[in-house]
Amino acid sequence: MSVRTDRSQRAASFHDPGYQALCALRLGFAVLPILFGLDKFTNILTADWTRYLAPSLDTGIPGDAATAMSIVGVIEIVAGIVVLLYPRLGAPVVAAWLGAIIVNLLLVGGYGDVALRDFGLMAAALVLTRLAWAYPTGLPARRA
């Protein structure tokens, strides 16, 4: 007779596909926002981040578009760090942030392809949220 255990009752292991997905998504959603945030200051990936800011949003933000994108960069760096340290909190924050980016890109116009890609990223951030709650310790238990 075999005893079946619920996923929430068994310890996560490195061989558990759900745990592997959690690790991959956690790492990705920690590193990528940090890199994109840093690029708001270095402009290596794109020469002009301000072109992605909707004019209607630019008028409501203090300072110019470059200042707004610097603020965005800081937010992205902080979001990546929060995902790394506290994925239960950071993943839904990143999902909401991506939702805001999607709305902004649709307001700018001409970036529907980027908005669609960001929708896929938002879906993945929501999956990370669910996995972070399914594996609350965030680390696999050691085998005895």
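So, a few notes on the structure that sits alongside this text. If you're wondering where the values come from, they're calculated on a predicted model, not measured in any experiment.

Quick word on the overall build of the chain
Reasoning step 1: Within the chain, the secondary structure is distributed over 5 helices and 0 strands.
Reasoning step 2: Of all 144 residues assigned to the chain, the portion counted as buried reaches 35%.
Reasoning step 3: Approximately 9100 Å² of the chain is accessible, and the part contributed by carbon and sulfur atoms is 69%.

A look at the pattern of salt bridges
Reasoning step 1: Applying the stated criterion across every chain, the model contains 2 salt bridges.
Reasoning step 2: Where E76 meets K40, a salt bridge forms, and the shortest distance between an N and an O atom there is 2.9 Å. Here E76, found in helix 3 (residues 65–85), pairs with K40, found in helix 1 (residues 17–42); they are 36 residues apart in sequence, far enough to count as distant. Considered together, E76 and K40 belong to a single accessibility category, that of buried residues.

Things to note about the packing of aromatic side chains
Reasoning step 1: A full pass over the atoms with the stated rule returns 4 aromatic pairs.
Reasoning step 2: Both rings, one in W49 and one in Y52, keep their centres 5.6 Å apart while their planes meet at 50°; by these two values the pair is tilted. Grouping residues by exposure puts W49 and Y52 together as buried.
Reasoning step 3: These aromatic residues form a ring-pair network of at least three members: F36, W49, Y52 and Y111.
Reasoning step 4: Directly above the ring of W49 sits K40, whose terminal nitrogen or CZ lies 3.6 Å from the centroid.
Reasoning step 5: Across from the ring centre of W133, 3.7 Å away, lies the NZ or CZ of R88, which sits over that ring.

Section: unusual backbone geometry
Reasoning step 1: Residue N43 is not a glycine yet carries a positive backbone phi of 55°.
Reasoning step 2: Classification of N43 as partly exposed rests on a relative accessible area of 34%.

As for helix 5 (residues 112–134)
Reasoning step 1: Its 23 residues give helix 5 an end-to-end C-alpha distance of 33 Å, which sits within 8% of 33 Å, the value for a rise of 1.5 Å per residue.
Reasoning step 2: Buried within helix 5 are the following residues: V114, A115, D118, M122, A125, L128, T129, L131, A132 and A134.
Reasoning step 3: Close packing links the buried residues of helix 5 with helix 1, helix 3 and helix 4 (87–108).

Calculation rules
- Residues numbered from 1 in each chain as written.
- Predicted model: local features only at pLDDT ≥ 70, side-chain atom pairs only at ≥ 80, totals over all residues.
- Heavy atoms only, no water.
- Helix = DSSP H or I, 4+ residues; strand = E, 2+ residues; numbered from the N terminus.
- Buried < 20%, exposed > 50% of the residue type's maximum accessible area, 1.4 Å probe, protein only.
- Areas by Shrake-Rupley, 256 points an atom, 1.4 Å probe, with all protein chains shown as cover.
- Salt bridge = Lys/Arg side-chain N within 4 Å of Asp/Glu carboxyl O.
- Phe/Tyr/Trp six-rings, centres within 6.5 Å; stacked < 30°, edge-to-face > 60°.
- Lys NZ or Arg CZ within 6 Å of the ring centre and 35° of its normal.
- Expected span 1.5 Å × (residues − 1).
- Contact = heavy atoms within 4.5 Å.

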